[in-house]
Amino acid sequence: MAVQIRPATEGDVSQITDIFNQSIPVGDAEWTERLHTHADRLAWLHDRTAADRPVLVAEHNGHVVGVASYGDFRDSGVREGFRFVCEHSVYVDNTARGIGAADALMDELESIARENGLRQMIATIDASNGRSVAFHARRGFIEVGRMPDIGFTFDTWRTMVLMQLDLR
Ligand SMILES: CC(C)(COP(=O)(O)OP(=O)(O)OC[C@H]1O[C@@H](n2cnc3c(N)ncnc32)[C@H](O)[C@@H]1OP(=O)(O)O)[C@@H](O)C(=O)NCCC(=O)NCCS
């Protein structure tokens, strides 16, 4: 059955929390050693929704298998010059990678960003996350910067790759 994309609801928060948490011990996605809680992902969903930012989930065979969202790249409430750029995140359950869920999520997320008048979309990716770099490059994101050794988790120095998609 095809992957279906829809806005996230409070009922999805347990699965969203689990999907984010799978990546934390791997170390190459979010630079934290602390697992998310249901409460913090619920607060995140509420904050994004209140700010009119999309939070999307991918469903496959009746299960939530992915989540994607975007927010500010820099704080555009304080520095409004950044209001046409967003930074996104996309996560797929490790049992459902390679089935097109990430592409389906990004197709919809990019379309919403365009409808909202955004011009640039930014991915900040751990340089060791070859799968995410390859995925974003295939979708047209271009590497625009590399910041060596700016993160440190799990006894490892981490380099950030900045990739940018022109939404026009
Ligand atoms: C990044 C992510 C969303 C991509 O979703 P996915 O379903 O795995 O993506 P796809 O399989 O469609 O695409 C991945 C591509 O990388 C390739 N790939 C896989 N492992 C790779 C590696 N180690 N190095 C380079 N390329 C790799 C795949 O072959 C595929 O390329 P193709 O489409 O040309 O065949 C998913 O892997 C994920 O959730 N990862 C963990 C969380 C994460 O890192 N999120 C991004 C944070 S920036």
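Residues numbered from 1 in each chain as written. Predicted model: local features only at pLDDT ≥ 70, side-chain atom pairs only at ≥ 80, totals over all residues. Heavy atoms only, no water.

1. Considerations on unusual backbone geometry
Line of reasoning, step 1. For Asp149, which is not glycine, the phi torsion reads 55 degrees and is therefore positive.
Line of reasoning, step 2. Within the element layout of this structure, Asp149 appears in strand β6 (residues 142-153).
Line of reasoning, step 3. On the accessibility criterion, Asp149 (48% relative accessible area) is partly exposed.
Line of reasoning, step 4. The phi dihedral of Asp155 is positive, around 60 degrees, even though this residue is not glycine. (Helix = DSSP H or I, 4+ residues; strand = E, 2+ residues; numbered from the N terminus. Buried < 20%, exposed > 50% of the residue type's maximum accessible area, 1.4 Å probe, protein only.)

2. Observations concerning the packing of aromatic side chains
Line of reasoning, step 1. What the rule picks out here adds up to four aromatic pairs.
Line of reasoning, step 2. Between Phe20 and Trp44 the ring centres are 5.5 Å apart and the planes differ by 85 degrees, which places this aromatic pair in the edge-to-face class. Residue Phe20 is located in helix α1 (residues 13-23), and its partner Trp44 is located in helix α2 (residues 38-50); the two are separated by 24 residues in the primary sequence. When sorted by exposure, Phe20 lands in the same class as Trp44, which is buried.
Line of reasoning, step 3. Pairing Phe20 with Tyr91 gives two aromatic rings, centres 4.6 Å apart and planes at 50 degrees, and the pair type is tilted. Of this pair, Phe20 sits in helix α1 while Tyr91 sits in strand β4 (residues 85-92), and the two are 71 residues apart along the sequence. (Phe/Tyr/Trp six-rings, centres within 6.5 Å; stacked < 30°, edge-to-face > 60°.)

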